[in-house]
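Per-entry structural report
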Amino acid sequence: MSDRPTLTTSAGAPVSDNQNSITAGPRGPVLMQDYQLIEKLAHQNRERIPERAVHAKGWGAYGTMKITGDISKYTRAKALQPGAETPLLLRFSTVAGEMGAADAERDVRGFSLKFYTEEGNWDLVGNNTPVFFVRDPLKFPDFIHTQKRHPRTNLRSATAMWDFWSLSPESLHQVTILMSDRGLPIAPMFMNGYGSHTYSFWNNNGERFWVKFHFKTQQGHKFHSNEEAEQVIAKTRESYQEALFGGIERGEYPRWTVQVQIMPEADAEKTSYNPFDLTKVWPHAEYPPIEIGVLELNRNPDNYFAEIEQAAFSPSNIVPGIGHSPDKMLQARVFSYADAHRYRLGTHYESIPVNAPRRPVHHYHRDGQMNVFGGIKTGNPDAYYEPNSFGGPAEDKSVQEPPLKISGDADRYNHREGNDDFGQPRALFNLFDDGQKKRLFSNIAAAMGGVPDEIIERQCKLFDQVHPEYGAGVRAAIAAGKQERPAAISAAE
Ligand code: NDP
Ligand code: HEM
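Remember, it's a predicted structure, so these values are computed and weren't measured experimentally. (Residues numbered from 1 in each chain as written. Chains lettered and ligands numbered in written order. Predicted model: local features only at pLDDT ≥ 70, side-chain atom pairs only at ≥ 80, totals over all residues.)

We now examine the UniProt feature "binding site: heme" (unreviewed entry) in the chain. As annotated in UniProt, the feature "binding site: heme" (unreviewed entry) corresponds to Y337 in the numbering used here. Looking at the secondary structure, you find Y337 in helix 8 (residues 328-344). (UniProt positions renumbered as here; feature names shortened; annotations may be inferred. Helix = DSSP H or I, 4+ residues; strand = E, 2+ residues; numbered from the N terminus.)

Okay, structure coming up:
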């Protein structure tokens, strides 16, 4: 007898032989009664779950957020009080590639945070950019289809991307960030994270404030040029996993400075832009970032599948003191993520250890597939409905969010009317030095390979409206690229 534990079936019976199938004679065939063989093959067939419809490729780690500032006058959230230290999971991702995609691809990066607070899980599911490509959720599936594979060729389609963008001027801000240096960070540690949407804070006096969250890298911004990224991908498709996992194993713990921008509730009526429009930032000069703490990653997961692949983030997860906002995109996300998890992971995805809150959970949901928590979570089998006389869990009015003021007729409002899609991309363009502008032009030209001329020209006209130098720069970079490319390749496009 060795001191190793005995191998068992999943029903707990000891296994006598894990090398040889049961066969009729030494040459076979195998017998159907070899249920250990059947169980092993059946389990293997079920090892993969559907990958995320977007943000399929990801890298993650655990850490903490320590609050050093004092924003108690804006929010009652315990995780945001001075001195609070909250454990968290952070998953980074690319948007468009599948699970096997190369890490060093130009794409927006996801920045998904799950804070395990003493008041329940608070998820802030953001990106490494402060804005997004579309501002109406009705356009999200269309946008994502342009980023994924063409149904006929099964290839990514630059034509689809630029066709959609050139017909959607609200995308200009995000497209400019994506095509700038920051569109291709060398590893997750070298980029910022943003909550992106406007959320709300509310305090013990029932006052509401609008808020935006920023996580500023303390490692500095580091990025690849397209050419460098090609070299990296030629050697490894896993450059982010190697850098993040390897760094944390070596004790190099990446950090981000946590900031918020706060807007008094009534200001939302006064700003020249809609502060709930996801294609806009709040200028720092108007709403200065307030430093509130530090976020650090310091522990790798022990099992990638259980802790990163099964992680389920959702903007619907908020805690007392934090609320949503009228942002149409955020409203749609509040529905979409939990729905995706029920499909991808199952009804009781919140019972999976990585998603389970680090505090007792009491609710009246019951039954369903993979109910592994023993029926109901009320603490008493007679208390399976509410209200009841059997001591089942009851509501707590003290955590009631203050009412949200809303007005207006229900209608389909044209979000492209009266919206300045050019001013903020212009402010960004004006921040770029000559080198940054040159790389922006050439990154765009490279991404437009094979796109029909009329689509390119439609997009360049949008760039002209941001800044004449922008449109002219892209046109010149495209012309220079055509000259450099061998005639045979150009002719085939
Ligand atoms: P500020 O000059 O006060 O702030 C500029 C911001 O731009 C900083 O947060 C800086 O981030 C960021 N930035 C600098 N270079 C780049 C780049 N290549 N790609 C993306 N972001 C960059 O100006 P405003 O607040 O008036 O904003 C001007 C423009 O800056 C906006 O239109 C927007 O495009 C961009 N921006 C604004 C943010 C905001 O919340 N106001 C946030 C991020 C970008 P860092 O400090 O990390 O260098
Ligand atoms: C992932 C929907 C906009 C950031 C996902 C997933 C869905 C989805 C269904 C997959 C979830 C899963 O299977 O686990 C939507 C819809 C949007 C939207 C409907 C707009 C209406 C955004 C925006 C951001 C964002 C604006 C950032 C500001 C992310 C991130 C992930 C993700 C980071 C990966 C989460 C993870 O790490 O597991 N989105 N999304 N999405 N989305 Fe969105």
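Helix length check: helix 12 (residues 468-484) (17 residues) gives 25 Å between terminal C-alpha atoms against 24 Å at 1.5 Å per residue, within 8%. Of the positions making up helix 12, those classed as buried are Y470, G473, V474, A477 and I478. Across the axial projection of helix 12, the buried residues extend over an arc of 130°, all falling on one side. Opposite the buried face of helix 12, by more than 90 degrees, sit the exposed residues P468, A479 and Q483. Contacts from the buried residues of helix 12 go to helix 9 (423-431), helix 10 (434-447) and helix 11 (453-466). (Expected span 1.5 Å × (residues − 1). Buried ≥ 20, exposed ≤ 12 C-beta atoms within 10 Å, placed from the backbone. Arc of directions from axis to C-beta. Contact = placed C-beta atoms within 7 Å.)

This next bit is on the environment of V354. With respect to the helices and strands, the residue V354 is situated in the loop between helix 8 and helix 9. The exposure class assigned to V354 is buried, which follows from the 20 C-beta atoms found within 10 Å. Each C-alpha atom of the pair V354 and A311 lies 6.1 Å from the other, and the pair is 43 residues apart in sequence. Ignoring any residue separated from it by four or fewer positions in sequence, one finds V354 in contact with L89, A306, E307, Q310 and A311.

In this section: the domain arrangement of the chain. Accessible area lost on assembly of the parts is the figure often given for the size of an interface. Domains assigned within the chain are domain 1 (58-351) and domain 2 (422-484). Counting residues at the interface gives 17 residues for domain 1 and 24 residues for domain 2. Going through the elements one at a time, helix 3 (158-166) and helix 4 (172-179) are the ones with two or more residues in the side of domain 1 that touches domain 2. Counting residues per element, the side of domain 1 that touches domain 2 draws most heavily on helix 3, at 6 residues. Of the residues that constitute the side of domain 1 that touches domain 2, the class distribution is 7 nonpolar, 7 polar and 3 charged. (Domains from an automatic or database assignment. Nonpolar A, V, L, I, M, F, W, Y, C, P; charged D, E, K, R; others polar.)

Quick look at unusual backbone geometry now. Following G28, the chain continues into P29 via a peptide bond in cis, with omega recorded as 5°. With respect to the helices and strands, P29 occurs in the segment before helix 1 (35-45). Of the consecutive residues E386 and P387, the connecting peptide bond is found in the cis state with omega at 5°. Structurally, P387 is set in the loop between helix 8 and helix 9. Positive phi, normally seen in glycine, also occurs at S196, with a value near 65°. Here S196 shows up in the loop between strand 5 (193-194) and strand 6 (199-202). Despite not being glycine, D367 shows a phi value in the positive range, around 60°. Checked against the element boundaries, D367 lands in the loop between helix 8 and helix 9.

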